[in-house]
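What follows is the residue order along each chain.
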Amino acid sequence: MANEDGADVVIVGTGIVGCLIARQMLDAGLSVLMLEAGPRVERWQIVENFRNLPPTLRLHYDAPYPPKPWAPHMESYTDAAAAEYLQLEGPNALAYRQGYVRYAGGATWHWAGICWRLTPQDMRLKTLYGVARDWDFDYDTLEPYYTRAEYAIGVCGPSDSSLQWPPMRSKPYPMGPLPFGPGEQRFTEAAARIGLKNLPSAQARNSRVAYDGRPPCCGNNNCIPVCPIAAKYDAATALPKIEARGGRILANAVAYRVETDQKNTIAAVHYFDPDKRSHRVTGRIFVLACNGIETPKLLLLSKDERNPNGVANSSDQVGRNMMDQPKLVAELTLAEPLWTGVGPVQGSSIMQTSQGDFRSRHGGALFRFNNLARSAFGGVAAVRKGLVGRALDAEIRRLSACTAEIAIEHELLPDPDNRLTLSNKKDWLGINKPNIYYDVGEYVRRSAKEYSVPLVRKLAAELGATDVQVSTEFTHSDHIMGGTIMGANSAASVVDLDCRTHDHPNLFLPGGGAMTTAGCGNSTLTMAALALKAADAIAGQAKRA
Amino acid sequence: MRSRVRPSGLKVPNLPCLIGCLALAVASGSWAEAAPAEVERGAYLAKAADCGACHTAPHGKPFAGGLAIGSPVGTIYSTNITPSVGYGIGRYTEAQFARAVRRGIRADGANLYPAMPYTSYSVLTDADVQALYGYFMHGVAPIDAPTPRTDLPFPMNLRVSMMGWNLLFLNTKPLRPDSRESEMWNRGRYLVKGAAHCSACHTPRGFLMQEKAGEEFSGGPVGPWYAPNITSDLNSGIGSWSQDELVHYLSAGDAHHKAQAAGSMGEAVEHSFQYLSDADLNAIATYVKTIPAIHAASDHRSRFAFGTASSDLGRLRGKYGIRDQESAPTGAQLFQGNCASCHAPFGQGSKDGYYPSLFSNSVLGSGNPNNLVAAILYGVDRTTRQGQAFMPGFAGGPNDLAALSDHDVVLLANYLLEHYGRPGGAVTAQQVAEVRRGGPSSSLVALARAGVALAAMAVLTALFMVFRRIKRSSGTS
């Protein structure tokens, strides 16, 4: 083929996982080529996109990231738009409308920056509670990678171990915690009165000082959908650092096939450019870092005579065990102002509720006071009431100050029936769209019914709520996990304990897809830790070769 | 001139340094030889003279040199001034040390380039030079490591040329106390003219890179930045500043609604001024406030008094859809997208001043736009006891928040000047490119080369004439 390129390590995807690996490969003296399906844009363009949004679209976090025709992602502004790309089915289909952006920098562009670790118990569900699977290594194996990840991206958190989650740490957080806003403070006090501890979140956000050239948080309170000053880590900030070390990044390069050779090792990745021309990229080691939806999709698209079920899929586990934390939301109205919205959009959570012997019967749950300023909700709600003039102003103020939201994120078990397959529907380039069947299962439904919803009502009452509306339909947390599940047994998993595929020695699939269980917290730090564990293995393998 | 360092003022600000040098003295085993009080005084003077600014490379060992200093005539590498015998100044006698500091002459007799501010240090008293010597010999750990050789282009590589330069521009007369002025004023003058070497940046330089006589402290370029007029002129200078504002600026790098230290001044505050005693900072301020005013005719208003809070938000929002991201930006969009998240949508900054307001700001009120452009490209990073003041750069570097093109910076800078600053000053792409390159380069090298070539031509012509004359005379004879 005419258009050929290559590097020692070829990385598909420029999100947090791809960028952490790229940096380590470059530091190890290996050449790196990164392929990104979407465009590469300047931060200020996204900031302006966001600020130009009408209030009704403010809460659609994908809205400032209009996808390119060749790199579609889910757009949520209407149900019809949302149904365009991700094809969803099953009892909880709508709860898998995962928001991620196919832009250089990936979904960390619009994450909240929350960096919970899994607990030792989260990794041993089978042994301790007789459900799901155990991870095939323990927390102590993962801990050094968690710490490295926290230092790589700059995580702030409490130094008091009684406020850390979990407190088993080899090093302190690189930065001290951010203070609570007034709403979070009130919520913490209310929780304490019923015996619950609201912990300051570990978050990839600079508190008080610059970190890795990025400024401290100045409280714009729009971490989602974009930190305007990069006080929050996002992988877009890693891109110029990678290039400064000699890494190459190709934007608008849509990988659509992984090519195997006679020995069933990976020989190349093929991609389309926006003119629909195909290109072939060779390398010694390949990393697919497109997270739990795009990575299994690409593997399934790549089936060949040696791999009839798709690349890396001899176990038939590619695309199975799709996970997230199914979320319910409690909307509170209070008599007194609570003043939500000072500081970052998320700064704390009740974590102890994710643990307990009840896990043999139902999942745990995380409770989070959402600190996103309520003015957008309040504004839209007040206008919809048909108010005008002073009455409108007063109602906007009341709704902004005297309402609050508590999110409940539930622990979901890996279920092989929650499965991603290729849809018959094709995208602009003629690539099959992903199709996902999703059922949160009785484990989650029991958790909501018997445990989390009664508890959130207690919390709301303690906070002084005059009205509480708890959603009845589960929604998505945008924490995509599963899809290329990890394990020591090659018959029951896709990747080994270094995220290397069991089937192809030079193909790595690090990130959320590899997670064996989900826990209740945001998956990103675990993805980053797995990326660094894989990076050690990749660098070692590249040097031996 | 008597040198007095007040012990009461010395102890508190200088404690970390003191502990550091005591530790070093113990570590190097020279404790017995050093007179602690003298070493301590020398350490303070080395802070006041900001020796570390040039002689310590980023993340390098203290005073081990190796910092690349961009000068208009080429890159000069600072030297190792630790007491290392092989690589530093370990073999220097006190007299040799004094000659290097005050006369710019190395122990081997070679001349230093005036990147070393010996023209300022020339006023240092014998007692202070002695204290500095004591500190560098006994309070600094020897680092046995070489530094890159400075290799300026011809003819600047001929260090001997500096002898003529020194003859023209080096003042060797000591500073005599002015009995009409207070002790404080005299102390301030001694620090400003000597150790703090303020004029090295704040006085414009002439054709031969000398500080221009008669224009002292009226402002001059420092690499990509501009060290502004600090004379007592009300409009062009800092005559409108109070004593307290000046002292606070020197110790924290910030004067609310006036100016913030960045670039070389940020470094001077971080590495030097913040460690000076309140008494010395007040002395400096006392003297600076009396520097004779130098007025630029174009400065009709104080550079701290331009602009007001304003915003184009009303005109911006609702016009541009979210799919407009690939069209060419306007200055207003660049401001809202890159600056307003910290400096606020009306340019008013934050109430506590951590994020400075853009109006009433020296950077935007100056007739010279270099600091505006340099702040946009390089940002600010200054750490004092008040904490870190940090603004990212927007030049497209590995740590920068954005990769603004020269054209983007022109749009943004002119938008800012128009709305928050001194109107009418149009920043050009050439100016931005020059700041991005690191500041103006001097035509001195080319001119000097041309001069040498001309001189050579003249010699050749003369020889030719003589030869012809001889030939002719021999022919006719």
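Note that this is a predicted model, so its numbers are computed, not measured.

**As for the interface of chain A and chain B**
- Between chain A and chain B, the residue contacts involve 28 residues of the former and 26 residues of the latter.
- Listed by contribution, the elements that provide at least two residues to the side of chain A that touches chain B are α2 (43-51) and α7 (238-244) of chain A.
- For the side of chain A that touches chain B, the element with the most residues is α2 of chain A, which contributes seven residues.
- Along the lines of polarity and charge, the residues of the side of chain A that touches chain B split into 17 nonpolar, five polar and six charged.

**Let's talk about the environment of Ala332 of chain B**
Residue and element names in this part refer to chain B.
- Position of Ala332 relative to the elements: it lies in helix α15 (residues 331-338).
- Taking the C-alpha atoms as reference points, Ala332 and Asp400, 68 residues apart in sequence, are found 20 Å from one another.
- Leave out the neighbours within four places in its chain, and Ala332 touches Asp312, Leu316 and Tyr415.

**Focus on helix α12 (residues 263-271) of chain B**
- Residues of α12 of chain B that are buried include every one of Gly263, Met265, Ala268, Val269 and Glu270 of chain B, and no others.
- Turning to α12 of chain B, the residues buried within the fold contact α4 (51-55), β3 (220-222), β4 (225-227), α11 (243-252), α18 (370-378) and β7 (380-384) of chain B.

**With respect to the sheet that holds strand β13 (residues 420-426) of chain A**
Residue and element names in this part refer to chain A.
- Strand order in the open sheet formed by three strands is β3-β14-β13, and the pairing between neighbours is mixed. Each having just a single partner strand, β3 (87-89) and β13 make up the two edges of the open sheet. Adjacent strand axes in the sheet meet at a mean angle of 30°, parallel and antiparallel pairs treated alike.
- Of the pairings in the sheet, the one linking β13 to strand β14 (residues 432-437) comprises four bridges and is antiparallel in character. Counted as the bridge partner of Leu422 is Pro434 from β14.
- Each of β13 and β14 touches helix α8 (residues 291-301); the most contacted strand, β13, lies at about 75° to it.

**Description of the confidence of the model for chain B**
- When the pLDDT values of chain B are averaged, the result is 86; 84% of them are 70 or greater.
- Taken as a whole, residues 1-32 of chain B scores under 50 in pLDDT and shows 48 contacts with residues more than four places along the chain or in a different chain.

**A look at the packing of helix α5 (residues 94-103) of chain B against helix α7 (residues 126-138) of chain B**
Residues and elements named next belong to chain B.
- Remark: α5 packs on α7, axes separated minimally by 10 Å, with the N-to-C direction vectors making an angle of 110°. As judged from the angle between their axes, α5 and α7 are roughly perpendicular. Pair α5 / α7 crosses with right-handed handedness. Counting all contacts with α5, which are made through Glu94, Phe97, Ala98, Val101 and Arg102, the residues of α7 involved are Val129, Gln130, Leu132 and Tyr133.
- Looking at the contact of α5 with α7, its residues break down into six nonpolar, one polar and two charged.

**Section: the packing of α18 of chain B against helix α20 (residues 429-437) of chain B**
Residues and elements named next belong to chain B.
- Two elements in contact, α18 and α20, have axes whose closest approach is 10 Å; the angle formed by their N-to-C orientations is 60°. With respect to α20, the axis of α18 lies oblique. The two elements α18 and α20 meet at a crossing, and its hand is right-handed. Between α18 and α20, the residues in contact are Asn370, Val373, Ala374 and Leu377 and Gln431, Val432, Val435 and Arg436, respectively.

**Quick notes on the nonpolar core**
- The biggest cluster of nonpolar side chains holds 267 residues, and the ones touching the most others in it are Ile21, Val287, Ile406 and Ala528 of chain A.
- No other element matches helix α12 (residues 524-544) of chain A, which puts ten residues into this core.
- Looking at which domains feed residues into this core, each of domain 1 (7-155) and domain 2 (313-437) of chain B supplies at least three.
- Residues in contact with Ala528 of chain A, not counting those within four places in the same chain, are Ile16, Val17, Leu20, Ala149 and Ile153 of chain A.

**Digging into the environment of Ala7 of chain A**
- Here Ala7 of chain A shows up in strand β1 (residues 4-12).
- In contact with Ala7 of chain A, not counting residues within four places along its chain, are Ser31, Val32, Leu33 and Gly283 of chain A.

Definitions and limits used
- Along each chain, the written sequence defines residue order, and numbers are assigned to residues from 1.
- All chains are assigned letters beginning at A, and all ligands numbers beginning at 1, according to the order in which they are written.
- Reporting in this predicted model follows two pLDDT cut-offs: at least 70 for local features of residues, and 80 or more for side-chain atom pairs to be given and counted; totals over whole chains, interfaces and linings ignore these cut-offs and use all residues.
- Any two residues are considered in contact once their C-beta atoms, placed from the backbone, lie within 7 Å.
- In this text, helices come from DSSP runs of H or I with a minimum length of four residues, and strands from runs of E with a minimum of two, each type numbered from the N-terminal end.
- Classes in brief: Ala, Val, Leu, Ile, Met, Phe, Trp, Tyr, Cys and Pro nonpolar; Asp, Glu, Lys and Arg charged; the others, Gly included, polar.
- Counts of 20 or more other C-beta atoms within 10 Å of a residue's own C-beta define buried residues, counts of 12 or fewer define exposed ones, and intermediate counts define partly exposed ones; C-beta atoms are placed from the backbone.
- A strand pair is defined by DSSP finding two or more bridges across the two strands.
- A fitted line through C-alpha atoms represents every axis, and for helices the fit uses only the stretch in contact; the resulting angles, taken between N-to-C directions, go from 0 to 180 degrees.
- What pLDDT conveys is the predictor's confidence in a given residue, as a value from 0 to 100.
- Each angle receives one of four descriptions, namely roughly parallel if under 35 degrees, roughly antiparallel if over 145, roughly perpendicular if within 65 to 115, and oblique otherwise.
- Should the near helix be turned counterclockwise from the far one by less than a right angle, the crossing is left-handed, whereas a clockwise turn marks it as right-handed.
- Here, a nonpolar core means buried Ala, Val, Leu, Ile, Met, Phe, Trp, Tyr and Cys residues linked by C-beta atoms lying within 7 Å of one another.
- Per the annotation, domain bounds derive from an automatic or database assignment of domains.

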